[in-house]
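Notes for the structure review
The residues making up each chain are set out below.
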Amino acid sequence: MSSDFTLRRARLVAILKDLGYIRSSKVERAMLAVPRELFVPDDVREYAYDDRPLPIGYGQTISAPSIVAHMTELLDPRPGDRVLEIGTGSGYQAAILAEIVGYQGHVWSIERIPELAEFARRNLERTGYIDRVTVIVGDGSLGYKPEAPYDRIMVTAAAPRIPEPLVEQLKPGGRLVAPVGPLPFQVLVVVDKREDGSIEVRRDLEVVFVPLIGEYGWKNEREAILQLSNSGVII
Ligand code: SAH
């Protein structure tokens, strides 16, 4: 069974490479190394290598592999980097980042829902990444000051705007990637903090994420969705 998953993983990675979601050998190696089937609940395990998001409970999802690959490429983490992730979910994206930063680097990942933080810790433990990832329960829209500043910050839930504390906690020369906008569609935003402290922002693909709920996020899920009808968009 596990060799079957290994084969399916290799096939999916080849497809994501063909489609241009995987563009570097470091992201390719990480996507080949991390067993996504061990980061999803039992009842959806057979879909682990379909390119789609899957439910992980509490109304949350693990992102589609193509989005994980693309966002990791945009973030461009390097071996030895200190990385902050907001929205641990299953722990899969954290494991991909940990695989790239290696034992010289570290990933701090913040999750709002304690049960999911526990789910992620278990997944990271059984796949051998727990030494390189610290999972923290809290409001990640505030960042995580005790370990700041960070080389890289990835937000994996949709914020109404780029949370200011995250930009503050970025090192000069650092980069942040976040989906920004109301449900159901957001745009991926890449923020570079230059060495002189100035900020450069660019927009990338349109994506679909669950909302970031917190002080610098949405107040609750309803607010994130109501924003849609206020904007006059009908789907
Ligand atoms: N990166 C995850 C998927 C993220 S789903 C993975 O690889 O599986 C988005 C997650 O963000 C959800 O688990 C949700 O509970 C969490 N979240 C939402 N708002 C948050 C906040 N303010 N701080 C931390 N986590 C938050």
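Everything in this summary refers to the structure shown in the same document. Residues take numbers from 1 onward in each chain, read along the sequence in its written order. Only residues with pLDDT of at least 70 are given local features in this predicted model, and only at 80 or more are side-chain atom pairs given and counted; all residues enter the totals for whole chains, interfaces and linings. Only hydrogens and water are set aside when side-chain values are computed; all heavy atoms of the structure are taken into account.

**As for the site of the ligand**
Consider each residue's heavy atoms; a residue with any of them within 4 Å of a molecule or strand counts as near. What surrounds the ligand is a group of 25 residues, the closest being S90, E111, D139, G140 and I213. In protein, a polar contact requires one atom able to donate a hydrogen and another able to accept it; more generally it is a pair of N or O atoms within 3.5 Å, and residues adjacent in sequence count only if both atoms are side-chain atoms. Residue G87 places a main-chain N or O atom 3.0 Å away from a nitrogen atom belonging to the ligand. Only the protein chains shown count as cover for residues, and all accessible areas are computed by the Shrake-Rupley method using a 1.4 Å probe. Burial of the ligand by the protein amounts to 99% of the accessible area it has alone, namely 580 Å². For the shell around the ligand, the leading source of residues is strand β2 (residues 60–62), giving three residues. Each residue gets one label: Ala, Val, Leu, Ile, Met, Phe, Trp, Tyr, Cys and Pro are nonpolar, Asp, Glu, Lys and Arg are charged, and the others, such as Gly, are polar. Looking at the shell around the ligand residue by residue, the classes come out as ten nonpolar, eleven polar and four charged. Helical segments are the DSSP runs of H or I of at least four residues, strand segments are the runs of E of at least two, and each set is numbered from the N terminus.

**Side note on the pattern of salt bridges**
Here, a salt bridge means any side-chain nitrogen of Lys or Arg that lies within 4 Å of a carboxyl oxygen of Asp or Glu. On inspection of all chains with the given rule, the structure shows 15 salt bridges. Between R78 and D151 there is a salt bridge, and its shortest N-O distance comes to 3.8 Å. Of this pair, R78 sits in the loop between α3 (65–75) and β3 (82–86) while D151 sits in strand β6 (residues 150–155), and the two are 73 residues apart along the sequence. The cut-offs for exposure are 20% and 50% of the maximum accessible area for each residue type, with area from a 1.4 Å probe on protein chains only; residues under the lower value are buried, those over the upper are exposed, and the others partly exposed. Since its relative accessible area comes to 11%, D151 is described here as buried. For K171, the salt bridge is made with D151, and the minimal N-O distance between the two is 3.1 Å. Of this pair, K171 sits in strand β7 (residues 170–180) while D151 sits in strand β6, and the two are 20 residues apart along the sequence.

**Some details on the pairing of strand β8 (residues 186–193)**
Among the eight residues that make up β8, eight are buried, leaving the element largely enclosed by the rest of the structure. Pairing between two strands requires that DSSP report at least two bridges joining them. As defined by bridge partners, β7 adjoins β8 across six bridges and the pair is classed as antiparallel. Looking at β8, one finds that V177 is bridged to V190. From the end of β7 to the start of β8, which pair antiparallel, there are five residues, and G181 there has a positive phi angle of about 135°.

**Examining the nonpolar core**
By nonpolar core is meant a set of buried Ala, Val, Leu, Ile, Met, Phe, Trp, Tyr and Cys residues that side-chain atoms within 4.5 Å join together. Residues M31, Y92, V107 and V133 are the most contacted members of the largest nonpolar core, which totals 49 residues. When contributions to this core are tallied by element, the ones reaching two or more residues are α1 (2–18), α2 (25–33), β1 (54–57), α3, α4 (92–101), α5 (114–126), β5 (133–137) and β8. A per-element tally of this core places α4 first, with eight residues. Not counting chain neighbours up to four residues away, the residues in contact with Y92 comprise M31, V34, R36, F39, I62 and V68. Membership of the second largest hydrophobic core comes to 19 residues, among which are W108, I153, L176 and V189. In what follows, residue pairs with any heavy atoms lying within 4.5 Å of each other are defined as contacts.

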